[in-house]
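Listed below, chain by chain, are the residues.
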Amino acid sequence: MERRTILVQIDCDPLPSVFDRVVAVDAGVEEIFSYGGVRPEQVRDLVHGAIFTRGVKHLKRTALFIGGSNVEKAEELFDEARRHMLPDVGLRVSILFDANGCSTTSAAAVYSAAQHLDLSHARALVLGGTGPVGQRVARLLARQGSEVRIASRKLDRAMSVCEAIRQKVNNARVEPVETSSSEGTVAALSGRNLVIAAGAAGVRMLTEEQRNKCSDLRVAIDLNAVPPLGMEGVDYRDHAVLRNDAFCYGAIGIGATKMKIHKAAISRLFQSNDQVLDVEEVYELAASL
Ligand SMILES: NC(=O)c1ccc[n+]([C@@H]2O[C@H](COP(=O)([O-])OP(=O)(O)OC[C@H]3O[C@@H](n4cnc5c(N)ncnc54)[C@H](OP(=O)(O)O)[C@@H]3O)[C@@H](O)[C@H]2O)c1
């Protein structure tokens, strides 16, 4: 008999994300076991509970979802979860990392840009490039061969992100830029054909005047849905809306793609018991939809 699908939600927040549970239900998961406030030392027993109960041939019907609003803490849980699988004897379950929506949101943004630009030749600027979403957007773009400027109010923070990406992506073409002043932002945008604003919620990262100074711009994506929006003049509902020769996307416009990717990633977990879906794998999945 086919076993029921079980998603074990391991969340670093005291209350496990309702959003992630709803998406799991909509993706067809039959049972969701939600654990909140999970600390790294508690992950081993949760993993063991998942891998030791069903026979190997049924393990693809159990999967893990690692989430929570603190992406760094969730990354520790993700590392721990992978560490406690026993792949040599086939005792493992598939796992998706999407803390604070960082994997699915970054994948949706880069996937949207790829509908208009050959990313291997794109010249990108990632505003708010030091946050969890911005870092992943920059990493995905660098992997596609784009030339990526990573912006921060502090140059040393942008430099650290560039270094971390170089460690993960061979020959990454990344450059740190400082955008603490309007002049710095205009200079950072100069010559770019893609800009993605991944700044904090409710923070304006780019004005219309600054954006209009860049005549090369072909795609502008804002991920912030909280007013004031990240890019002045880009509506939060925009989905490939042409404004001043650039295809524009707002946070809600990207949201529909993000939801599609999120559900597809959950479904993919139950196809086999050996999948590890981090941002790169989630992006590959998006590209194949
Ligand atoms: N649509 C979705 O489903 C979805 C899902 C997840 C996230 N998001 C959105 O994606 C965006 C990025 O998320 P995140 O979690 O990566 O953001 P975050 O960590 O809160 O912020 C990203 C970066 O913004 C910069 N920043 C913070 N406050 C600033 C200020 N007052 N002025 C200028 N820059 C400031 C910081 O960079 P520096 O300190 O280095 O300058 C920070 O690293 C957010 O707007 C979030 O709401 C959307």
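Not measured: the values here are computed from a predicted model. (Residues numbered from 1 in each chain as written. Predicted model: local features only at pLDDT ≥ 70, side-chain atom pairs only at ≥ 80, totals over all residues.)

Chemist: What exactly am I supposed to notice about the overall build of the protein chain here?
Modeler: From N to C terminus, the protein chain includes 10 helices and 12 strands. On C-alpha atoms alone, the protein chain measures out to a radius of gyration of 19 Å, which is about the 19 Å that the 2.2 N^0.38 rule sets for 289 residues. Principal-axis analysis of the C-alpha atoms places the extent of the protein chain at approximately 60 × 35 × 35 Å. The burial tally for the protein chain puts 51% of its 289 residues in the buried class. Sequence-distant contacts in the protein chain: of pairs separated by 6 or more residues, those separated by 24 or more amount to 71%. (Helix = DSSP H or I, 4+ residues; strand = E, 2+ residues; numbered from the N terminus. Rg over C-alpha atoms; globule rule 2.2 N^0.38 Å. Buried ≥ 20, exposed ≤ 12 C-beta atoms within 10 Å, placed from the backbone. Contact = placed C-beta atoms within 7 Å.)

Chemist: I'm lost on the packing of helix 5 (residues 132-143) against helix 6 (residues 155-168) in this one. Help?
Modeler: It is at 10 Å that the axes of helix 5 and helix 6 come closest, and there the two elements cross at 45 degrees. One element, helix 5, and the other, helix 6, form an angle in the oblique class. As helix 5 packs across helix 6, the resulting crossing turns out to be right-handed. In this structure, helix 5 contributes Q135, A138, R139 and A142 to the contact, and helix 6 contributes V161, I165 and K168. (Axes fitted to C-alpha atoms, helices over the stretch in contact; angles between N-to-C directions. Parallel < 35°, antiparallel > 145°, perpendicular 65-115°, else oblique. Left-handed = near helix turned anticlockwise from the far one by under 90°.)

Chemist: What should I look at first to understand the sheet that holds strand 8 (residues 194-197) in this one?
Modeler: Hydrogen bonds between backbone atoms are what pair the strands of a sheet, whose relative direction is either parallel or antiparallel. The sheet built from 7 strands is open, its strands ordered 7-6-5-8-9-11-10 with mixed pairing. Edge positions in the sheet fall to strand 7 (173-178) and strand 10 (239-243), since each has one partner strand and no second. The sheet shows a mean angle of 20 degrees between the axes of neighbouring strands, taken without regard to direction. Bridge analysis of strand 5 (residues 123-127) against strand 6 (residues 147-152) gives 4 bridges, and the strand direction is parallel. Bridge assignment links R123 to a residue of strand 6, and that residue is E147. Helix-sheet contacts for helix 4 (residues 102-114) involve strand 8, strand 9 (219-222) and strand 11 (246-249), and the interaxial angle to strand 9 is about 160 degrees. Strands in contact with helix 6 are strand 6 and strand 7; relative to strand 7, the strand with the most contacts, it is inclined by about 170 degrees. (Pairing = 2+ DSSP bridges.)

Chemist: What am I meant to see in the site of the ligand here?
Modeler: Among the 25 residues in the neighbourhood of the ligand, the closest are listed as G128, G131, V133, S152 and N224. Residue composition of the shell around the ligand, by class: 10 nonpolar, 11 polar and 4 charged. (Near = placed C-beta within 6 Å. Nonpolar A, V, L, I, M, F, W, Y, C, P; charged D, E, K, R; others polar.)

Chemist: I would appreciate a short explanation of the domain arrangement of the protein chain in the present structure.
Modeler: By convention, interface size is frequently given as the accessible area that disappears when the constituent parts associate. Considered domain by domain, the protein chain is made up of domain 1 (6-97) and domain 2 (105-255). For domain 1 and domain 2, the distance between their C-alpha centroids amounts to 31 Å. (Domains from an automatic or database assignment.)

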